[in-house]
Amino acid sequence: MISGKRPVAAATRERIERSIAALGYRPDGLARSLRTRRSHTVALIVPDLTNPFYPALARGLEECLDHDGYRAIICSSDGLPDRERAYLEDVTDRSVDGLVLDSFHLSVDDLHGATGGRVPLVWIGGTPLDHPGVDSVRPNDEEGAYAATRHLIERGHREIAMIDGPAGSGTARREGYRRALAEAGLPSSREPLVRSDWTRADGARAMRQLLASPPTAVFCSNDLTAIGAIDAIREVALSVPDDVAVVGYDDIELASLIAPALTTVQNPAAETGRTAGRMLVERMRGDVEGPARSVTLPSSLIVRDSS
């Protein structure tokens with residue numbers, strides 16, 4: 001090394017940093033500035049793409065985005081918080097123009113930390129209190145769950161269990177179930193509620209737990225859980241609905257194809273995707289500014305043979 005002279009690499013880096021500063025960027029501004037370029041791409045991050053609800057939602061979102069010249073990148077996190085954060089960082093680095101997210105792990109602070117608050121976002125599910133300051137769209141889960149539980153009560157059931165979703169999810173569905181029971185003067189048959197991970201296999205596992213002291217009816221927090229519950233009821237030679245009535249939530253296509261056909265609450269997946277797409281496009285184009293908006297879509301009970 002020559003005495004009194006700075007290494008060439010250090011001098012070059014210093015010149016680059018001075019040039020960037022002259023353009024108004026911070027030292028890391030060159031990388032960050034790439035995020036401001038429009039990619040005409042939106043990222044959809046969901047917990048489980050094998051759940052038929054989410055492909056229907058994605059289809060509705062893509063229908064809306066395609067009309068305005070945007071493409072969708074679909075990321076399935078398997079409900080793992082670390083994977084959700086990794087996807088969030090990755091799609092932000094890819095300069096997506098917007099995000100649609102269904103997560104019960106991430107917070108608004110997580111999103112703003114990753115995006116710097118510069119990427120428009122629509123949250124699926126939850127409540128405005130759960131995700132303050134961001135646009136959101138959701139089904140009317142509490143009323144849907146209330147209607148499902150009231151239906152079972154009106155059929156004469158007094159021992160009505162619920163198979164809840166993963167921890168942190170489904171608060172409104174749980175509240176609708178409990179409200180219907182309370183109005184009828186009935187206690188919740190299981191506290192704390194049995195949980196599943198919203199898959200068919202785990203719905204069967206949860207139902208086996210309930211069958212140690214069988215209820216006469218069970219409200220399940222989604223259809224895959226309900227179908228798994230029916231599997232478990234049949235394993236012990238009980239009948240649906242004669243021995244145990246079952247109601248689900250979502251009205252996926254399989255709900256009407258199984259035997260007995262599943263009574264369920266219609267969760268408007270495609271319309272949720274279209275609504276999220278419209279809200280996001282309005283933000284990305286700058287047509288809408290100002291406070292966060294919240295849209296609640298109606299949920300209706302579909303009575304079939306399982307109850």
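One structure accompanies this document, and this report is about it.

Each value, and the rule that gives it
- Residues numbered from 1 in each chain as written.
- Predicted model: local features only at pLDDT ≥ 70, side-chain atom pairs only at ≥ 80, totals over all residues.
- Heavy atoms only, no water.
- Helix = DSSP H or I, 4+ residues; strand = E, 2+ residues; numbered from the N terminus.
- Contact = heavy atoms within 4.5 Å.
- Areas by Shrake-Rupley, 256 points an atom, 1.4 Å probe, with all protein chains shown as cover.
- Pairing = 2+ DSSP bridges.
- Axes fitted to C-alpha atoms, helices over the stretch in contact; angles between N-to-C directions.
- Parallel < 35°, antiparallel > 145°, perpendicular 65-115°, else oblique.
- Left-handed = near helix turned anticlockwise from the far one by under 90°.
- Nonpolar A, V, L, I, M, F, W, Y, C, P; charged D, E, K, R; others polar.
- Salt bridge = Lys/Arg side-chain N within 4 Å of Asp/Glu carboxyl O.
- Buried < 20%, exposed > 50% of the residue type's maximum accessible area, 1.4 Å probe, protein only.
- Expected span 1.5 Å × (residues − 1).
- Arc of directions from axis to C-beta.

## Remarks on the overall build of the protein chain
Part 1 of the reasoning: A count of helices and strands for the protein chain gives 10 helices and 12 strands.
Part 2 of the reasoning: Taking the intrachain contacts of the protein chain between residues at least 6 apart in sequence as the baseline, contacts between residues at least 24 apart amount to 69%.
Part 3 of the reasoning: Taken as a whole, the protein chain presents about 14700 Å² of accessible surface, with 52% of it coming from carbon and sulfur.

## Focus on the sheet that holds strand β2 (residues 71-76)
Two orientations exist for strands paired in a sheet by backbone hydrogen bonds: parallel and antiparallel.
Part 1 of the reasoning: An order of β2-β1-β3-β4-β5-β11 is seen for the 6 strands of this open sheet, with the pairing classed as parallel. If you trace the sheet from one side to the other, it starts and ends with β2 and β11 (294-297), each paired once. The mean angle between the axes of side-by-side strands here comes to 15 degrees, regardless of whether they run parallel or antiparallel.
Part 2 of the reasoning: Where strand β1 (residues 41-46) lies against β2, 6 bridges are found, and the strand directions are parallel. Within the sheet, the bridge partner assigned to leucine 44 lies in β2 and is isoleucine 74.
Part 3 of the reasoning: Helix α4 (residues 81-93) rests against β1, β2 and β3 (98-101) of the sheet, and its axis sits at about 155 degrees to β2.

## So, the packing of helix α3 (residues 53-67) against helix α10 (residues 269-284)
Part 1 of the reasoning: In the contact formed by α3 and α10, the axes pass within 7 Å of each other and the chain directions differ by 40 degrees. Judged by the angle between their axes, α3 and α10 are oblique. Here α3 runs over α10; the crossing is right-handed. For the pair formed by α3 and α10, the contact residues are Phe53, Ala56, Leu57, Gly60, Leu61, Glu63, Cys64 and Leu65 on the first element and Ala269, Ala270, Thr272, Gly273, Arg274, Ala276, Gly277, Arg278 and Val281 on the second.
Part 2 of the reasoning: Among the residues making up the contact of α3 with α10, the classes are represented as 10 nonpolar, 4 polar and 3 charged.

## Quick notes on the environment of leucine 210
Part 1 of the reasoning: When you line up the elements, leucine 210 lands in helix α8 (residues 200-210).
Part 2 of the reasoning: Sequence-distant contacts of leucine 210, defined by excluding residues within four places in its chain, comprise Ala161, Ile163, Arg190, Val194, Pro215 and Val218.

## So, the pattern of salt bridges
Part 1 of the reasoning: This structure, assessed with the given rule, holds 28 salt bridges.
Part 2 of the reasoning: A salt bridge links aspartate 141 to arginine 173, with the nearest nitrogen and oxygen atoms 3.2 Å apart. Of the two residues, aspartate 141 sits in helix α6 (residues 141-154) while arginine 173 sits in helix α7 (residues 171-183), which places them 32 residues apart along the sequence.
Part 3 of the reasoning: The exposure class of aspartate 141 is buried, given its relative accessible area of 15%.
Part 4 of the reasoning: When salt bridges that share partners are traced, they join Arg59, Glu63, Glu271, Arg274 and Arg278 into one network.

## Some words on the packing of α8 against helix α9 (residues 223-235)
Part 1 of the reasoning: Two elements in contact, α8 and α9, have axes whose closest approach is 6 Å; the angle formed by their N-to-C orientations is 50 degrees. Compared by their axis directions, α8 and α9 come out oblique. Along this stretch, α8 crosses α9, giving a crossing that reads as right-handed. Between α8 and α9, the contacting residues are Arg200, Gly203, Ala204, Met207 and Arg208 on the first element and Leu224, Thr225, Ile227, Gly228, Ala229, Asp231, Ala232, Ile233 and Glu235 on the second.

## Remarks on α7
Part 1 of the reasoning: In this model α7 runs 18 Å from its N-terminal to its C-terminal C-alpha over 13 residues, within 8% of the 18 Å that 1.5 Å per residue would give.
Part 2 of the reasoning: Inspection of α7 places Arg173, Arg174, Gly176, Tyr177, Ala180 and Leu181 among the buried residues, and these make up the whole buried set. With its buried residues spanning 160 degrees around the axis, α7 presents them on a single face.
Part 3 of the reasoning: On its buried face, α7 is in contact with α6, β6 (160-164), β7 (194-195) and β8 (217-220).
Part 4 of the reasoning: Downstream of α7 by a residue or two, glycine 185 has a phi angle that is positive, lying close to 75 degrees.

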